[in-house]
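Summary of structural features
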Amino acid sequence: MRTLIIDTDIGVDDAFALAYAARTQHLLGITTVFGNVAVGQAVKNARLFCEKMAIEAEVYRGCSRPLAQRPSAPATLHGEDGLGDAFDNPFSDAAPGAVQFIIDSVRAHPQQITLVAIGPLTNIASAINQAPEIIPLVKELVIMGGAFGTGGHSGNVTPFSEFNIWKDPHAADQVLTSALKVVVIPLDVTHQVLITGDEVERLNQPVLSAICRPYLAYSLAKEGFNGMALHDTLALAWLSLPDAFTLTESPLRVITEGIACGQTVRKLSALASRHNPFEGLPTQRVALAVDADAVRSHFFQALTAP
Ligand code: BDR
Ligand code: CA
């Protein structure tokens, strides 16, 4: 069992991932970031969700805007409040503290903490910028984000970019090119692992059923599919079932401007050129294939266990 800090812009699939994490790993804390919702709403959502699901974890407020680019509007797919507008939310926002919490926790527990980032990478980039000495002290960083084109999965916001990376491409480029030990779980694999509306009901988790209703309705209306990709859950699944994933290793970059802004790229060419944007960069691990049945069955088992 790993000790985790989960960094999230908590929307619907983030909430599913948190429920799964609470049943499979040790959760040290939840740090929030803008993305699916504004960061203040993410704090309130995380607090509400933890209370409803009896998850014990402190919630910290993180960054409210990207490092360099102009902020963009929150997502709409997850409902106005990010959790399907299913519940009144009596919880309050918090004072900023997420970046410091990440730094302090890693310093206090060297090589013990796994960071799991399931939103934009702004908090993680800020932590390593403010305290670069924590980089070798982080056990690993697992990211749900990016898209590398396998099976046509090259983006979900633009034809080139995935939401979490597109929201703050500068932060993502800093994190992926750092010496952190990173595992990237991109759309290439998260789009392989789906859950239907009927399967959500069979989990017998009323809170999860309630929060995903508008998301499923949207998917049915738009795609003719009453279901959704588990996206963020896959970052957690890699921790429990590493053998279910096929990883490749490569230096990684993120395009930070132009028509392909937010695109994640890996080094595919051995061309010896003076113009090499991967020069001297560490390799990172990227998942390009997954045993979807293995992940789905582990997820169902974890969520239905007494
Ligand atoms: C990612 O985008 C968000 O909307 C989801 O929560 C997930 O983290 C998928 O591209
Ligand atoms: Ca997310």
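For clarity, every value in this text was computed on a predicted model and none was experimentally measured. (Residues numbered from 1 in each chain as written. Chains lettered and ligands numbered in written order. Predicted model: local features only at pLDDT ≥ 70, side-chain atom pairs only at ≥ 80, totals over all residues. Heavy atoms only, no water.)

1. Section: the pattern of salt bridges
Condition: Every case where a carboxyl oxygen of Asp or Glu lies within 4 Å of a side-chain nitrogen of Lys or Arg is listed as a salt bridge. Counting from the N terminus, the helices are DSSP H or I runs at least four residues long and the strands are E runs at least two residues long.
Going through the model one piece at a time under the given rule, you end up with five salt bridges. A salt bridge links Arg253 to Asp173; the nearest nitrogen and oxygen atoms lie 2.8 Å apart. Here Arg253 is found in strand S10 (residues 252-254), whereas its partner Asp173 is found in helix H6 (residues 169-176), with 80 residues between them in sequence.

2. A word on the sheet that holds strand S6 (residues 182-185)
Quick note on the threshold: Strands pair, by our definition, only if DSSP identifies at least two bridges between them. With axes taken as lines fitted to C-alpha atoms, and helix axes fitted only over the stretch in contact, angles between N-to-C directions fall between 0 and 180 degrees. In this description, contact between two residues means that some pair of their heavy atoms is separated by no more than 4.5 Å.
Strand order in the open sheet formed by eight strands is S3-S2-S1-S4-S5-S6-S12-S9, and the pairing between neighbours is mixed. Across the chains shown, the open sheet's two edge strands, defined by having one partner strand only, are strand S3 (58-60) and strand S9 (245-250). Neighbour-to-neighbour, the strand axes of this sheet turn through a mean angle of 25°, independent of strand direction. Contacts from helix H1 (residues 12-24) reach strand S1 (3-8) and strand S2 (26-32), with the element oriented near 170° to S1. The strands that helix H2 (residues 39-53) touches are S1, S2 and S3; relative to S2, the one it contacts most, it runs at about 150°.

3. Describing the site of ligand 1
Rules: A molecule or strand has a residue near it when one of that residue's heavy atoms lies within 4 Å. Identification of polar contacts relies on pairs of N or O atoms within 3.5 Å, with a donor-acceptor requirement for protein atoms, meaning one able to donate a hydrogen and the other able to accept it, and with residues adjacent in sequence counted only if both atoms are side-chain atoms. Throughout, the Shrake-Rupley method with a 1.4 Å probe supplies accessible areas, and for residues the shown protein chains are the sole cover considered. Buriedness for pockets is judged along seven lines, at least five of which must meet protein on both sides within 12 Å for an open set on the 1 Å grid over protein atoms alone, while cavities are sets there where a 1.4 Å probe fits but cannot get out, and lining residues have an atom within 4 Å of a point. The rule for placing a molecule in a cavity or pocket is simple: more than half of its atoms must lie within 2 Å of the grid points. In this count, Pro and Cys sit with the nonpolar residues alongside Ala, Val, Leu, Ile, Met, Phe, Trp and Tyr, while Asp, Glu, Lys and Arg are called charged and the others, Gly among them, polar.
The environment of ligand 1 is made up of 13 residues, and the closest members are Asp13, Asn36, Asn156, Glu162 and Asp232. Residue Ile118 places a main-chain N or O atom 3.2 Å away from an oxygen atom belonging to ligand 1. Asn156 is positioned such that a nitrogen or oxygen atom in its side chain is 2.8 Å from an oxygen atom of ligand 1. Coverage of ligand 1 by the protein amounts to 94% of the 280 Å² it exposes when considered alone. Given that more than half its atoms are within 2 Å of the pocket grid, ligand 1 belongs to the largest pocket. Tallied by class, the residues present in the shell around ligand 1 amount to four nonpolar, five polar and four charged.

4. As for the side chain of Ser178
So the rule is basically this: The buried label applies to any residue whose accessible area, calculated with a 1.4 Å probe on protein chains only, is under 20% of its type's maximum; exposed applies above 50%, and partly exposed to all values in between.
Mapped onto the secondary structure, Ser178 falls in the loop between H6 and S6. Using a relative accessible area of 8% as the deciding quantity, one classes Ser178 as buried. A distance of 3.1 Å separates a polar side-chain atom of Ser178 from the backbone nitrogen of Leu180. Once you skip the residues sitting within four places of it in the chain, Ser178 turns out to touch Ile128, Pro282 and Gln284.

Structural measurements only, silent on function.
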